[in-house]
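Residue-level structural notes
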Amino acid sequence: MKTKFVIAISLFLPVVLFFYFSAPSVALSIKTPKRVEAKIYSVTDGDTVKMKINGKNFVVRLIGVDTPETKDPRKTVQCFGREASAYTKKILLNQKVFLESDASAGNKDKYGRILRYIFLENGVNFNRQLIAEGYAHQYTYKSTLYRYRDKFKQAEKEAKKNKKGLWADNACGVKNTY
């Protein structure tokens, strides 16, 4: 009886240990999207930057955010647009960042800009930070459920509640009614 128990344990234990140690790495590789290193060399406006990836230049539009316009020739400079551009420049210019794609957003927008989330070296999602600090709106393109949408919506809700940035009273010269 004791021998059968030892044999059963000796056969069962390696299987359990195999799944215990291999399963988390498989799960992490599925849940954690691949991030690509890049260097920001120019800021176009609050939600669009230029960067080098493996020695090649790219224009990147941030997924899930919309900052007030400063460069669109069809529109006047919008309220808080200059502040959003200045903030993006202050945080990102000449910095090493990590890009994350999102299949739900696609690879490029209609202007040919690649669509990505930008993560700072400390792991902070810059797209979310723009919203949380009141420099951008959460933006859902064509009702697409992108990866961080709920977190971005919550960040906007908190920025409004705390009257940060463009949500502040008199940020645009008038009482904010949001």
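Residues numbered from 1 in each chain as written. Predicted model: local features only at pLDDT ≥ 70, side-chain atom pairs only at ≥ 80, totals over all residues. Heavy atoms only, no water.

**Topic: the overall build of the protein**
When its secondary structure is counted, the protein shows four helices and seven strands. Mapped in sequence order, the helices and strands of the protein form the string α-β-β-β-β-α-β-β-α-β-α. Considering the protein as a whole, with its 178 residues, one finds that 34% of them fall into the buried category. When contacts within the protein are restricted to residue pairs at least 6 apart in sequence, those whose partners lie at least 24 apart make up 57%. For the protein, the accessible area works out to roughly 11,500 Å², and carbon and sulfur atoms hold 57% of it. (Helix = DSSP H or I, 4+ residues; strand = E, 2+ residues; numbered from the N terminus. Buried < 20%, exposed > 50% of the residue type's maximum accessible area, 1.4 Å probe, protein only. Contact = heavy atoms within 4.5 Å. Areas by Shrake-Rupley, 256 points an atom, 1.4 Å probe, with all protein chains shown as cover.)

**Some details on unusual backbone geometry**
Working note: non-glycine residues mostly have negative phi, and peptide bonds are mostly trans. Notably, asparagine 54 is not glycine yet its phi reads approximately 50°, a positive angle. Inspection of the secondary structure assignment puts asparagine 54 in the loop between β2 (48-53) and β3 (56-62). One non-glycine residue, phenylalanine 80, lies in the positive phi region at around 75°. Assignment of secondary structure puts phenylalanine 80 in the loop between β4 (65-66) and α2 (81-92). Phenylalanine 80 sits in the buried class, given a relative accessible area of 13%.

**Comments concerning the packing of aromatic side chains**
According to the stated counting rule, one finds nine aromatic pairs in the structure shown. An angle of 80° between the planes, with centres 6.2 Å apart, marks the rings of tyrosine 117 and phenylalanine 152 as edge-to-face. Here tyrosine 117, found in strand β6 (residues 114-119), pairs with phenylalanine 152, found in helix α4 (residues 149-161); they are 35 residues apart in sequence, far enough to count as distant. Phenylalanine 152 carries the same exposure label as tyrosine 117, and that label is buried. Through a chain of ring-to-ring contacts, the aromatic side chains of Tyr117, Phe119, Tyr146, Tyr148 and Phe152 assemble into a single cluster. (Phe/Tyr/Trp six-rings, centres within 6.5 Å; stacked < 30°, edge-to-face > 60°.)

**A few points about the pattern of salt bridges**
Under the defined criterion, the tally for this structure stands at nine salt bridges. One salt bridge connects arginine 35 with glutamate 100, and the closest N-O pair in it is separated by 2.8 Å. One end of the pair, arginine 35, is in strand β1 (residues 35-45); the other, glutamate 100, is in strand β5 (residues 96-100), with 65 residues separating them in the sequence. Residue classification places arginine 35 among the partly exposed positions, given a relative accessible area of 37%. Owing to a relative accessible area of 0%, glutamate 100 belongs among the buried residues under this scheme. Of the charged contacts, one joins glutamate 100 and arginine 147 as a salt bridge, the two residues approaching to 2.7 Å between their closest N and O atoms. In this pair, glutamate 100 sits in strand β5 while arginine 147 sits in the loop between β7 (137-138) and α4, placing the two residues 47 residues apart along the sequence. We classify arginine 147 as partly exposed; its relative accessible area is 38%. Within the structure, one salt-bridge network assembled from shared partners comprises Arg35, Glu100 and Arg147. (Salt bridge = Lys/Arg side-chain N within 4 Å of Asp/Glu carboxyl O.)

**Section: the sheet that holds β5**
Pairing within the closed barrel is mixed, and its five strands lie in the order β1-β2-β3-β6-β5. Each neighbouring strand pair of the sheet contributes to a mean axis angle of 55°, computed without reference to strand direction. By the bridge criterion, five bridges tie β1 to β5 in an arrangement that is antiparallel. Opposite valine 36, over in β5, you have leucine 99 as the bridge partner. Of the strands in this sheet, β1, β2, β5 and β6 are in contact with α2, which crosses β1 at around 140°. (Pairing = 2+ DSSP bridges. Axes fitted to C-alpha atoms, helices over the stretch in contact; angles between N-to-C directions.)

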